[in-house]
Amino acid sequence: MAGFPDGGRDAVDVLRELLGAAGRRPLTEPPLWPSDVADDATPVEFSVAFDESGDRAVRILGETIAENPGPAANIEAAKRFLAHMAQWFDLRLDRFAAVEDLFLVDRPQGKFTLWFSVILRPGRAPALKVYFNPLVRGQGAARGLVAEGLRRLGLSDAYDTVAEHALLRGSADQFSFFALDLDDGPLSRVKLYISHDSADSGTVERAAGAVEGVDPLLVRDFLTTAGGGPGPYAGRPLISSYSFVEADAGRPGNYSLYLPIRDYVPDDAVAREHVLAHFARSGLPGAELDRAIAAVTGRPAAAGVGLIAHVSLRLGRFGSGTTVYLSSEAYAVQAPRGRVSASATF
Ligand code: TRP
């Protein structure tokens, strides 16, 4: 892949390791494991992060699957992947070690246990991020688990900040991911994600208000343009995330809003139009969206829905921008919904 350092391991090597047994399996065989990374059980999803600064990153979210898959075997395979990556790249594993016993349990509940994302930027070594599941010990344990994880990472105050802005609707607001950057830089972050069932714009505007200097109206504007209105979003939930670095004593530096756009459009042609409208408002080049889409599929956009799975807006001092999540659709393309019924969503 162009732009990656010569001689070192490249993105293809990393991807091969990440996918484990699933990566060696022909696509004519059914999925080895029902991964929730993507709707069709493909254990991989691509995303392109467009920064307002002009920077771009390609990211690959993946789940490592063992030869004989199962909850414990997959965790073992994922840890082997991590050990390999630590040999190849400069990783920071102390924070992983500090919280793994909380999240890596014998009988995991929920839709996943351990996911990774590989972040590729031209001219740089791949960076790695790990996702734990706050629901792994059941819904009732999630808040305590997150609070304890934050405490161990020296971010005790972060919990209250998040609770006061994003956990205001009882069980409709739920922790969904606990993520760590595994690189060793000053901006290496801890990231917390909260899903908001049936939320409208007001819920996520309030959530965005936790971050100093972020204008919640940008969140409303994003939903109006990319989502088609202020909601409520009663299909797959809107998700908020906050980024923390150790130095900031529990104050989040960034807020992101994830819109599962595939549930709010009839087909990917409409999804693309919505994302392009948001790009135009944000001064991002629409041609780059089309280039990213063309890199993963040749199918006509109107022939399915779910190619553009999510679109997210990132706001704050660690950098603002938009990220588009693209399904590989390796196993299946979801049929488009009728345009008439879908336009009655709001
Ligand atoms: N497929 C799951 C979902 O759609 C998890 C997921 C994959 C996800 N990529 C994501 C969630 C990006 C939020 C944002 O919920």
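Residues numbered from 1 in each chain as written. Predicted model: local features only at pLDDT ≥ 70, side-chain atom pairs only at ≥ 80, totals over all residues. Heavy atoms only, no water.

1. As for the overall build of the protein chain
Where we set the bar: Secondary structure follows DSSP: runs of H or I at least 4 residues long count as helices, runs of E at least 2 residues long count as strands, and numbering of each begins at the N terminus. When a residue's accessible area, from a 1.4 Å probe over protein chains only, is under 20% of the maximum for its type it is buried; when over 50% it is exposed; and in between it is partly exposed. Two residues qualify as a contact provided that any one of their heavy atoms is within 4.5 Å of a heavy atom in the partner residue. Residue burial considers only the protein chains on display, and all accessible areas are found by Shrake-Rupley using a 1.4 Å probe. Working convention for charge: Lys and Arg count positive, Asp and Glu count negative, and His plus the chain ends are omitted. Positions of charges follow a simple convention, taking NZ of Lys, CZ of Arg, CG of Asp or CD of Glu.
Assigned secondary structure in the protein chain consists of ten helices and ten strands. When its C-alpha atoms are laid out on the principal axes, the protein chain stretches across 50 × 50 × 40 Å. Relative to its full complement of 346 residues, the protein chain shows a buried share of 53%. Excluding contacts between residues fewer than 6 apart, the proportion of contacts in the protein chain whose partners are at least 24 apart in sequence is 69%. Summed over its atoms, the accessible surface of the protein chain is roughly 14,800 Å², and 52% of this surface lies on carbon and sulfur atoms. One way to put it: in the protein chain the 35 positive side-chain charges average out to a point 1 Å from where the 43 negative ones average out.

2. Some remarks on the sheet that holds strand E9 (residues 308-316)
Let me state the cut-off plainly: Two strands make a pair as long as DSSP finds a minimum of two bridges between them. Think of each axis as a best-fit line through the C-alpha atoms, taken over the contacting stretch in the case of a helix, with angles from 0 to 180 degrees between the N-to-C directions.
The strand order E1-E2-E3-E4-E5-E6-E7-E8-E9-E10 describes a closed barrel built from ten strands, whose pairing is antiparallel. Adjacent strand axes in the sheet meet at a mean angle of 20° when their direction is disregarded. For strand E5 (residues 173-181) and strand E6 (residues 190-196), the ladder comprises seven bridges, and the chain directions are antiparallel. Each bridged residue has a counterpart across the sheet, and for Phe178 the counterpart in E6 is Leu192. Taken strand by strand, helix H1 (residues 11-23) contacts strand E1 (44-51), strand E2 (56-62) and strand E3 (114-120), and its axis lies near 175° from that of E3.

3. Digging into the packing of H1 against helix H2 (residues 71-88)
This is how it is decided: Roughly parallel refers to an angle under 35 degrees, roughly antiparallel to one over 145, roughly perpendicular to one between 65 and 115, and oblique to any angle outside these ranges. Take the far helix as your reference; a near helix turned counterclockwise from it by less than a right angle gives a left-handed crossing, and one turned clockwise gives a right-handed crossing. The classification used treats Ala, Val, Leu, Ile, Met, Phe, Trp, Tyr, Cys and Pro as nonpolar, Asp, Glu, Lys and Arg as charged, and all other residues, Gly among them, as polar.
Where H1 meets H2, the axes come as close as 9 Å, and the angle between the chain directions of the two elements is 160°. Considered as vectors, H1 and H2 are oriented roughly antiparallel to each other. Classified by chirality, the crossing of H2 by H1 is right-handed. Residues Asp13, Val14, Glu17 and Leu18 of H1 pack against Phe81, His84, Met85 and Trp88 of H2. Classifying every residue of the contact of H1 with H2 gives five nonpolar, one polar and two charged.

4. Looking at helix H4 (residues 142-152)
As a reminder, the rule being used: The arc in question is the one spanned by the directions pointing from the helix axis to the C-beta atoms.
Restricting attention to buried positions, one finds in H4 the residues Ala142, Leu145, Val146, Gly149 and Leu150. Projected down its long axis, H4 shows its buried positions confined to an angular sector of 130°, all on one face. Buried-residue contacts for H4 involve helix H3 (94-103), helix H5 (156-166), E5 and E6. One or two steps after H4, the chain reaches Gly154, where phi turns positive at roughly 75°.

5. A closer look at the packing of aromatic side chains
We apply this condition: Planes of paired rings set the category: under 30 degrees apart is stacked, over 60 is edge-to-face and the rest tilted, where pairs are Phe, Tyr or Trp rings (Trp by its six-membered ring) whose centres lie within 6.5 Å.
All told, the structure shown has 17 aromatic pairs when counted by the stated rule. The interplanar angle of 50° and the centroid separation of 6.2 Å between the aromatic rings of Tyr131 and Tyr193 together place this pair among those described as tilted. A residue pair is termed long-range when its members are at least 10 positions apart, and Tyr131 in strand E4 (residues 127-132) and Tyr193 in strand E6 qualify at 62 residues. Residues Tyr131 and Tyr193 agree in their burial class; the two are buried. Ring centres of Tyr159 and Phe175 lie 5.9 Å apart, and the angle between their planes is 45°; this geometry places the pair in the tilted category. Of this pair, Tyr159 sits in helix H5 while Phe175 sits in strand E5, and the two are 16 residues apart along the sequence. Accessibility classification places Tyr159 together with Phe175 in one group, the buried group.

6. Considerations on the site of the ligand
We apply this condition: Whether a residue is near a molecule or strand is decided by its heavy atoms; if any one of them lies within 4 Å of it, the residue is near. N or O atoms closer than or at 3.5 Å make up a polar contact, with two conditions inside protein: a donor-capable atom paired with an acceptor-capable one, and, for residues adjacent in sequence, both atoms drawn from side chains.
Close contacts around the ligand come from Asp36, Val37, Glu45, Leu61, Trp115, Ile239, Tyr258, Arg262, His310 and Tyr325, and that covers them all. Measuring from a nitrogen atom of the ligand, one finds a side-chain N or O atom of Glu45 at 2.7 Å. Burial of the ligand by the protein chains amounts to 87% of its free accessible area of 350 Å². Its residues placed into classes, the shell around the ligand shows six nonpolar, one polar and three charged.

7. Here's the deal with the nonpolar core
Note the cut-off: Only buried residues count toward a nonpolar core, which is a set of Ala, Val, Leu, Ile, Met, Phe, Trp, Tyr and Cys residues joined through side-chain atoms within 4.5 Å.
In this structure, Phe132, Phe178, Tyr242 and Leu259 are the most contacted members of the largest nonpolar core, which totals 83 residues. No other element matches the five residues that H2 contributes to this core. Core analysis: the next-biggest nonpolar cluster, separate from the first, contains eleven residues, Phe112, Trp115, Tyr193 and Tyr325 among them.

Function-wise, these values are silent; they only describe arrangement.
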